[in-house]
Amino acid sequence: MKRAFKAAAVVLVFALGLIQLFQIDKTNPEIKESETIDSVVAVPPDVKIILGKACNDCHTNNTRYPWYSYIQPNGWWLRSHVEDGRRHLNLSIFATYDAKKRSKKLEEICDEVRSGEMPLPSYTWIHRDAALSTGERDAICDWANKAAAASTPQ
Ligand code: HEC
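Description of the structure in this document. Please read all numbers here as calculations on a predicted model, not as lab measurements.

Details of the coordination of the iron atom of the ligand
Taken together, His59 (NE2) and Met118 (SD) make up the protein donors of the iron atom of the ligand, found 2.0 to 2.2 Å from the metal. Considering all six donor atoms around the iron atom of the ligand, the spread of angles at the metal, 85 to 178 degrees, places the coordination shape in the octahedral class. Taken together, the residues His59 in helix H3 (residues 56–59) and Met118 in the loop between helix H5 (99–114) and helix H6 (121–124) connect sequence positions 59 residues apart. You can call His59 buried: its relative accessible area is 12%.

Rendered as structure tokens:
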């Protein structure tokens, strides 16, 4: 029994070592100035700062990967959040969305922030400064709702 336990531990350590060979791709897609949200929606400096610390890692092509993204399976999990996040909302290619999609995404930004679903709790748990205050939520909502109304097709 003891021997089987030891063998299992050896296999586990070996497997953990082996998966370290499968590192994630950390290259960020190229950002074109003309495709970013800034080229179609005015983003005030205070909102830009909030988005930068709380959203950009998953919702732009400007992701900063932390040291623990080199440790698997953590890196895989992190990478899937980035891919999933970009697929749903990518501020770096926001200008390529049509008018209807833009205003819908802007409305969703406020909804997600108000409901506390964004930023993801697993993110704010580590990035403490990304946990938004009521004032920061209000700032995002004020901006996003006005911008949504402004970009609604007439
Ligand atoms: C750690 C990564 C991460 C961070 C940080 C993050 N998001 Fe997300 N976001 C996701 C993922 C993954 C999804 C898609 C799955 C889901 O809805 O839970 C998503 C979905 C969304 C959606 C929904 C879009 C849709 O099509 O339904 C919006 C809007 C959004 N995020 C806004 C934000 C805003 C605003 C912030 C910052 C305040 C933020 N997110 C921070 C990962 C993240």
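Side note on the layout of surface pockets
Taken as a whole, the largest pocket spans an internal volume of roughly 490 Å³. Counting residues per element, the ones that place at least two in the lining of the largest pocket are helix H2 (45–54), H3, helix H4 (74–88) and H5. At five residues, the largest contribution of residues to the lining of the largest pocket is made by H5. Residues that form the lining of the largest pocket fall into these classes: twelve nonpolar, four polar and five charged.

Quick word on the side chain of Lys105
When you line up the elements, Lys105 lands in helix H5. In this structure Lys105 comes out as buried when scored by relative accessible area, which is 11%. If near-sequence neighbours (up to four positions away) are discounted, Lys105 is found in contact with His88, Leu89, Phe94 and Tyr97.

Quick word on the site of the ligand
Near the ligand, the surroundings consist of 19 residues, among which Cys55, Cys58, His59, Lys105 and Met118 are the closest. Within the contact set of the ligand, a nitrogen atom lies 2.8 Å away from a side-chain nitrogen or oxygen of His59. At 3.3 Å, a side-chain N or O of Glu108 approaches an oxygen atom of the ligand. Applying the majority rule of atoms within 2 Å of the grid points places the ligand in the largest pocket. No other element matches the five residues that H5 contributes to the shell around the ligand. Here the shell around the ligand is built from residues that sort into eleven nonpolar, four polar and four charged.

Digging into the packing of aromatic side chains
Evaluation of the coordinates by the stated rule reveals two aromatic pairs. Note on Trp67 and Tyr68: the rings are 5.3 Å apart at their centroids and 85 degrees apart in plane angle, and the pair reads as edge-to-face. Its relative accessible area of 16% is what places Tyr68 among the buried residues. Positioned above the aromatic ring of Tyr70, the side-chain terminus of Lys26 is 3.6 Å from the ring centre. The ring of Tyr97 has Lys101 sitting right over it, with the charged end atom 4.2 Å from the ring centre.

Some details on the pattern of salt bridges
Counted according to the given criterion, the structure contains eight salt bridges. Here Arg79 and Glu83 are joined by a salt bridge, their closest N and O atoms 3.0 Å apart. Highlighted residues: Arg79 and Glu83, both in helix H4, separated by four residues, approximately one helical turn. One salt bridge connects Lys104 with Glu108, and the closest N-O pair in it is separated by 3.3 Å. Of the two residues, Lys104 and Glu108 are both situated in helix H5; the distance of four residues between them amounts to about one turn of the helix.

Digging into helix H7 (residues 134–150)
For H7, which comprises 17 residues, the first-to-last C-alpha distance of 24 Å matches the rise-based estimate of 24 Å (1.5 Å per residue) to within 8%. Among all positions in H7, only Glu136, Ala139, Ile140, Cys141, Trp143, Ala144, Ala147 and Ala148 are buried.

What counts as what
- Residues numbered from 1 in each chain as written.
- Predicted model: local features only at pLDDT ≥ 70, side-chain atom pairs only at ≥ 80, totals over all residues.
- Heavy atoms only, no water.
- Donors = N, O, S within 2.8 Å, 3.2 Å for Na, K, Ca; no water.
- Tetrahedral: all angles 85-135°; square planar, octahedral: opposite > 155°, others 65-115°.
- Helix = DSSP H or I, 4+ residues; strand = E, 2+ residues; numbered from the N terminus.
- Buried < 20%, exposed > 50% of the residue type's maximum accessible area, 1.4 Å probe, protein only.
- 1 Å grid on protein atoms, 1.4 Å probe; cavity = no way out; pocket = protein on both sides within 12 Å on 5 of 7 lines; lining within 4 Å.
- Points joined across faces, edges and corners; volume = space filled by probe spheres on them.
- Nonpolar A, V, L, I, M, F, W, Y, C, P; charged D, E, K, R; others polar.
- Contact = heavy atoms within 4.5 Å.
- Near = heavy atom within 4 Å.
- Polar contact = N/O pair within 3.5 Å; in protein donor to acceptor, adjacent residues only side chain to side chain.
- Sits in = over half its atoms within 2 Å of the grid points.
- Phe/Tyr/Trp six-rings, centres within 6.5 Å; stacked < 30°, edge-to-face > 60°.
- Lys NZ or Arg CZ within 6 Å of the ring centre and 35° of its normal.
- Salt bridge = Lys/Arg side-chain N within 4 Å of Asp/Glu carboxyl O.
- Expected span 1.5 Å × (residues − 1).

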